[in-house]
Amino acid sequence: MRSLRFRFPALFVSYLFLVVVVVGCGPSDTPLTTTEIILTSEAGARLETVPNVAFVEGAASGGPVLTVWPDSTKQTIHGIGTSFTESSAFVLAHLEPAKRREVMERIYGEDGANVSLTRTHIASCDFSVEGKYAYVDDGDAELASFTLDEDTEGFDPAKYPDVKDPAYDLLPMIQEAQAIKAAQKDKDLRIIASAWTAPPWMKDIEEWFIPGSEENDWQGTGGSLKPEYEATYADYLVKYLDAYQEAGVDLWGLTPVNEPHGNGGNWESMLFTAESQGAFIKNHLGPKLKAGGHDQKKLLIYDQNRDGVDHWADVIFPDPEVAPFVFGMAVHWYASTFKVYEESFDRVNAMYPGFEIIHTEGCIDNLGGPAPGGVMDPEGFQEEPSWFMNDAWWWNPHATDWAYSVTWGGVDAADHPMYTPVHRYARNIIVSLDHWMTGWVDWNIVLDSQGGPNHVSNFCGAPIMIDRETGDIHYTPVYWVLAQLSRTIRPGDKAVWTKLEAPGLDEDALRACATINDDGLVSVQLLNTTGEAISFDLQVGDAHAPVTVPANAVQTVRIAL
């Protein structure tokens, strides 16, 4: 009877309770139990099922308590996932097609990670093999030359002799993922498309990007749209949506540009302010999406670091001429290696509850490269850490990020300490979903053992890393954590209210969130960042159960109500 109370109107539940009393069966005859507990840990567990625990009636007392209220729902989730990039397609093209299919099944198949929410880039980005490409010829303001050839033509075996499948490319990768989804019951595959820049001739610098100086490598620029080409750029984006739709890919979402604050001119980019992006949407992109039949696409503003969430929301969401075109906001995690900015999410949701927040990019920057003095230089740092085929690297604080390698006065070293890659992923996802985020997307799903290819040497980590020469495949611990979260947090699930009371525990020792699906299955996600097991009572309704999360682990506790 306890489970029914969460799912049916109160009067109906009262009636059922009376029936149960009459026939002599009480709630204790069907005690609440966990249905599944899944564990991924530094000790070697990978989506391992561990013994269930039983609940007892009453309120937990003493010690840490995590309370979950399944009947108090919050936002609807669109999924957990990763991204399609040309670099990922290039690395996969180095595998024999049958082996590549195995990897793709491990990403998109129901028996794999079952990824549901994804992202791709519009034309070139830093994770393009050679970069600097657009879909139209220089100066073609009519866009008559528009073609997706760069996404479909594959990789020339004369230039890349080690490629096993020269015809494979970005669009074929997306189509292969779609084919995997089409053959299974769970077909969810939602793709957000983001452009890094307009073609150079549409911008005031008439270049892809202008790098900074040797003294300050973050003072370059990607330039801005020329006013006379704002409408043309909107048409360009609509043509892209049309072309992908004709290729059988109906894209789910769109951002006007990736990282409108720029990246210092280090790779393809284009600048917008919140005000100029709002004007671009109001005057050009919004009306053209509607006229082109793409008004159901989820248009997301911003698409950069979380420390800018408040300002962009305050400028665009209240604007009555822009807001009707906008679904929500896309954010990245690069402002800090440990902060989640949940206070900003709470504020934005409270002020603008009709708009959603989706994380569209996060990755392990710089793969733990040497940390120069002047930013941070922690003791014991390994000059050449081995991240490939080494799970321990991903479970411990070896990673650095871009803040170590730039000479930029705006970097606060305190926001960028060395960090544990698994913790950063799991913490960011769990805390974000507990504070109104509706979806979370990783960056490149596959990279090579160097963290590329990347045409500007911006090498990064990926959930799956493959040695292009040997064909060795490393499913990193980040892959297993993403798979666990993706499989147990599905599109349509709703976040529910939780409260962790853990006196004596550090704030970051134990992180938690919970969701519920339409069948009444609750999934509680837990991260233990410490080197010791953490035990607590899990309170669900009027019953509680003892739960232990092993050291350095991500654990999912599922309860059928």
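Throughout what follows, the structure given in this document is the object of discussion.

Calculation criteria
Residues numbered from 1 in each chain as written. Predicted model: local features only at pLDDT ≥ 70, side-chain atom pairs only at ≥ 80, totals over all residues. Heavy atoms only, no water. Helix = DSSP H or I, 4+ residues; strand = E, 2+ residues; numbered from the N terminus. Rg over C-alpha atoms; globule rule 2.2 N^0.38 Å. Buried < 20%, exposed > 50% of the residue type's maximum accessible area, 1.4 Å probe, protein only. Contact = heavy atoms within 4.5 Å. Areas by Shrake-Rupley, 256 points an atom, 1.4 Å probe, with all protein chains shown as cover. Axes fitted to C-alpha atoms, helices over the stretch in contact; angles between N-to-C directions. Parallel < 35°, antiparallel > 145°, perpendicular 65-115°, else oblique. Left-handed = near helix turned anticlockwise from the far one by under 90°. Nonpolar A, V, L, I, M, F, W, Y, C, P; charged D, E, K, R; others polar. Polar contact = N/O pair within 3.5 Å; in protein donor to acceptor, adjacent residues only side chain to side chain. Pairing = 2+ DSSP bridges. Salt bridge = Lys/Arg side-chain N within 4 Å of Asp/Glu carboxyl O. Phe/Tyr/Trp six-rings, centres within 6.5 Å; stacked < 30°, edge-to-face > 60°. Core = buried A, V, L, I, M, F, W, Y, C linked by side-chain atoms within 4.5 Å.

**Concerning the overall build of the chain**
The number of helices and strands found in the chain is 13 helices and 21 strands. For 561 residues, the compact-globule formula gives about 24 Å, and the C-alpha radius of gyration of the chain, at 24 Å, lands near that figure. Referenced to the eigenvectors of the C-alpha coordinate spread, the extents of the chain come out at roughly 80 × 55 × 50 Å. Taken over 561 residues, the chain has a buried fraction of 60%. Considering only contacts in the chain between residues 6 or more positions apart, those separated by 24 or more positions represent 74%. For the chain, the accessible area works out to roughly 21,300 Å², and carbon and sulfur atoms hold 50% of it.

**Some thoughts on the packing of helix α9 (residues 309-316) against helix α10 (residues 342-351)**
α10 packs onto α9 with a crossing angle of 15 degrees between their chain directions and a minimal axis gap of 9 Å. Taken together, α9 and α10 sit at an angle that is classed as roughly parallel. In the packing of α9 onto α10, the handedness of the crossing is right-handed. Here α9 contributes V309, D310, A313 and D314 to the contact with α10, which in turn contributes S344, F345, R347 and V348. Residue composition of the contact of α9 with α10, by class: four nonpolar, one polar and three charged.

**Notes on the side chain of S128**
Within the fold, S128 resides in the loop between β6 (117-122) and α5 (149-152). Engagement of the side chain of S128 in a polar contact is seen with the backbone nitrogen of C125, the distance being 2.9 Å. Ignoring sequence-local partners within four residues, the contact set of S128 consists of E86, S87, H121, Y133, N454 and H455.

**Here's the deal with the sheet that holds strand β14 (residues 464-466)**
The strand order across the open sheet formed by three strands is β13-β14-β15, and the pairing between neighbours is mixed. At either end of the open sheet lies a strand with only one pairing partner, and these are β13 (446-448) and β15 (473-475). Adjacent strand axes in the sheet meet at a mean angle of 25 degrees, parallel and antiparallel pairs treated alike. By the bridge criterion, three bridges tie β13 to β14 in an arrangement that is parallel.

**Digging into the pattern of salt bridges**
This structure, assessed with the given rule, holds 24 salt bridges. For K159, the salt bridge is made with E130, and the minimal N-O distance between the two is 3.1 Å. Residue K159 is located in the loop between α5 and α6 (170-182), and its partner E130 is located in the loop between β6 and α5; the two are separated by 29 residues in the primary sequence. Residue E130 is classed as partly exposed on the basis of its relative accessible area, which comes to 46%.

**Observations concerning unusual backbone geometry**
Following G452, the chain continues to P453 via a peptide bond in cis, the omega torsion being 5 degrees. Counting through the fold element by element, P453 comes out in the loop between β13 and β14. The phi torsion at K132 lies on the positive side, around 55 degrees, for a residue other than glycine. Topologically, K132 is positioned in the loop between β6 and α5. Judged by relative accessible area, K132 falls into the partly exposed class, the value being 45%.

**A look at the packing of helix α4 (residues 97-108) against α6**
Between two packed helices, the angle of one axis relative to the other and the distance separating the axes together describe the packing. One way to put it is that α4 packs onto α6 with a least axis distance of 10 Å and a crossing angle of 65 degrees. α6 is crossed by α4, and the crossing has right-handed handedness. Contact residues: α4 offers R100, R101, M104, E105 and Y108, while α6 offers M173, E176, A177, I180 and K181. Residues belonging to the contact of α4 with α6 are distributed by class as follows: five nonpolar, no polar and five charged.

**So, the packing of aromatic side chains**
Applying the stated criterion across every chain, the model contains 29 aromatic pairs. Arranged with centres 5.8 Å apart and planes meeting at 20 degrees, the rings of Y135 and Y240 form a pair that is stacked. Highlighted residues: Y135 in the loop between β6 and α5 and Y240 in helix α7 (residues 230-246), separated in sequence by 105 residues. On the basis of relative accessible area, Y135 is assigned to the buried category, the value being 1%. With centroids separated by 5.1 Å and ring planes inclined at 90 degrees, the aromatic side chains of W201 and Y229 adopt a geometry described as edge-to-face. Here W201, found in the loop between β7 (190-195) and α7, pairs with Y229, found in the loop between β7 and α7; they are 28 residues apart in sequence, far enough to count as distant. The rings of Y133, Y135, F146, Y233, Y236, Y240, Y244, F272 and F280 are connected pair by pair, giving a single aromatic cluster.

**Observations regarding the side chain of T255**
Its location among the elements puts T255 in strand β8 (residues 253-255). Using a relative accessible area of 0% as the deciding quantity, one classes T255 as buried. Engagement of the side chain of T255 in a polar contact is seen with the side chain of D303, the distance being 2.8 Å. Each residue touching T255, except ones within four places of it in the same chain, is listed here: I192, A193, S194, A195, L300, D303 and A330.

**Some details on the pairing of strand β18 (residues 521-528)**
Counting buried positions along β18 yields eight of eight residues, so the element is predominantly enclosed. Here β18 shows no split at all, with L521, S523, Q525 and L527 on one side and V522, V524, L526 and N528 on the other all buried. The pairing of strand β17 (residues 510-516) with β18 spans seven bridges and is classified as antiparallel. Bridge pairing in β18 links C513 to Q525. If you look at the hairpin formed by β17 and β18, you'll find four residues sitting between the two strands, and G520 has a positive phi there, around 80 degrees.

**A short note on the sheet that holds strand β21 (residues 553-560)**
One open sheet accounts for 10 strands, arranged β2-β1-β21-β18-β17-β16-β4-β19-β20-β3; its pairing is mixed. The open sheet terminates on both sides in strands that have one partner only, identified here as β2 (48-50) and β3 (56-57). Bridging between β3 and strand β20 (residues 543-549) involves two bridges; their strand directions are antiparallel. Looking at the pairing, E57 lines up with A543 of β20. Contacting β4 (65-76), β16 (494-501), β17, β18 and β21, helix α12 (residues 421-433) crosses the sheet at an angle of about 140 degrees to β18.

**A look at the nonpolar core**
One finds Y108, Y233, Y236, Y240, F317 and I464 to be the most contacted residues of the largest nonpolar core, which totals 135 residues. Ranked by residues supplied to this core, first place goes to α7 with nine residues. Those residues within four positions of Y236 in sequence are excluded, and the remaining contacts are A123, A134, Y135, V136, L143, F146, P199 and M202. In terms of nonpolar packing, the next biggest core, distinct from the first, is built from 29 residues, V50, A512, A545 and V547 among them.

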